Amino acid sequence: MLAKSFEKPIRVWVGLGFPRQLNTVVDAYRFVIDWCGNSPEQKAAIRACRAALAGDVDAETARGVFVAFARKKEDGAIPPILGSVQPKHV
């Protein structure tokens, strides 16, 4: 399994507000399969990452699907992707 790199890494907040950088399809795949849940967006991200790892789609396609999953979860447990959304101050 080749580690297909993204042109631009994905950064998400995890745990107690620590950033995690996802540089490859493998990183994104591991993140999304470890995530609790069973949403359509999560399933799509898993399928896209598997397809990229199999060579059926490129890494940037999988990245786009993963980012859609992460953005959908912004209001839930995955905080915003760093650099893509302005912080919300309470």
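Coordinates for the structure precede this section.
Residues numbered from 1 in each chain as written. Predicted model: local features only at pLDDT ≥ 70, side-chain atom pairs only at ≥ 80, totals over all residues. Heavy atoms only, no water.

Enquirer: Is there a simple way to explain the side chain of Thr-24 in this structure?
Expert: Turning to its location among the elements, Thr-24 is positioned in strand β2 (residues 18-24). Beyond its immediate stretch of four places on either side in the chain, Thr-24 contacts Ala-3, Lys-4, Ser-5 and Phe-6. (Helix = DSSP H or I, 4+ residues; strand = E, 2+ residues; numbered from the N terminus. Contact = heavy atoms within 4.5 Å.)

Enquirer: Which parts of the structure should I look at to understand the packing of helix α1 (residues 25-34) against helix α2 (residues 40-54)?
Expert: For any two helices packed against each other, the geometry is given by the interaxial angle and the distance between the axes. For the pair α1 and α2, the least separation of the axes is 9 Å and the interaxial angle reads 150 degrees. As judged from the angle between their axes, α1 and α2 are roughly antiparallel. Seen along the crossing, α1 lies across α2 with a hand that is left-handed. Of the residues in α2, those in contact with Val-25, Val-26, Ala-28, Tyr-29, Val-32 and Ile-33 of α1 are Gln-42, Ala-45, Ile-46, Cys-49, Arg-50, Ala-52 and Leu-53. When the residues that make up the contact of α1 with α2 are grouped by side-chain class, the tally is 11 nonpolar, one polar and one charged. (Axes fitted to C-alpha atoms, helices over the stretch in contact; angles between N-to-C directions. Parallel < 35°, antiparallel > 145°, perpendicular 65-115°, else oblique. Left-handed = near helix turned anticlockwise from the far one by under 90°. Nonpolar A, V, L, I, M, F, W, Y, C, P; charged D, E, K, R; others polar.)

Enquirer: Looking at this structure, I do not really get the packing of aromatic side chains. What am I missing?
Expert: Working definition: an aromatic ring pair is given by the centre-to-centre distance plus the angle between the planes. Considering all chains together, one arrives at three aromatic pairs under this definition. Plain terms: the ring middles of Phe-31 and Phe-66 are 5.8 Å apart, the flat faces sit at 75 degrees to each other, and that makes the pair edge-to-face. Residue Phe-31 is located in helix α1, and its partner Phe-66 is located in helix α3 (residues 59-72); the two are separated by 35 residues in the primary sequence. Across the pair, exposure class does not vary: Phe-31 and Phe-66 are buried alike. Connected via pairs of aromatic rings, a cluster forms that spans Phe-31, Trp-35, Phe-66 and Phe-69. (Phe/Tyr/Trp six-rings, centres within 6.5 Å; stacked < 30°, edge-to-face > 60°. Buried < 20%, exposed > 50% of the residue type's maximum accessible area, 1.4 Å probe, protein only.)

Enquirer: What's the story with the nonpolar core in this structure? I'm lost.
Expert: Soluble globular proteins tend to pack their nonpolar side chains together in the buried interior. Formed by 22 residues in total, the largest nonpolar core has its most connected members in Phe-6, Ile-10, Val-25, Phe-31, Val-32, Phe-66 and Phe-69. Where this core is concerned, the elements lending two or more residues are β1 (5-14), α1, α2 and α3. Residues contacting Phe-66, with those up to four places away along its chain left out, are Ile-10, Leu-22, Ala-28, Phe-31, Val-32 and Ala-45. (Core = buried A, V, L, I, M, F, W, Y, C linked by side-chain atoms within 4.5 Å.)

Enquirer: What is the right way to read the packing of α2 against α3 from this model?
Expert: Relative to each other, α2 and α3 sit at 165 degrees, their axes nearing to 8 Å. Accordingly, the angle class assigned to the pair α2 and α3 is roughly antiparallel. You can see that α2 and α3 cross each other, and the crossing is left-handed. Contacts from Glu-41, Gln-42, Ala-44, Ala-45, Ala-48, Cys-49 and Ala-52 of α2 reach α3 at Ala-59, Ala-62, Val-65, Phe-66, Phe-69 and Lys-72. Tallied by class, the residues present in the contact of α2 with α3 amount to 10 nonpolar, one polar and two charged.

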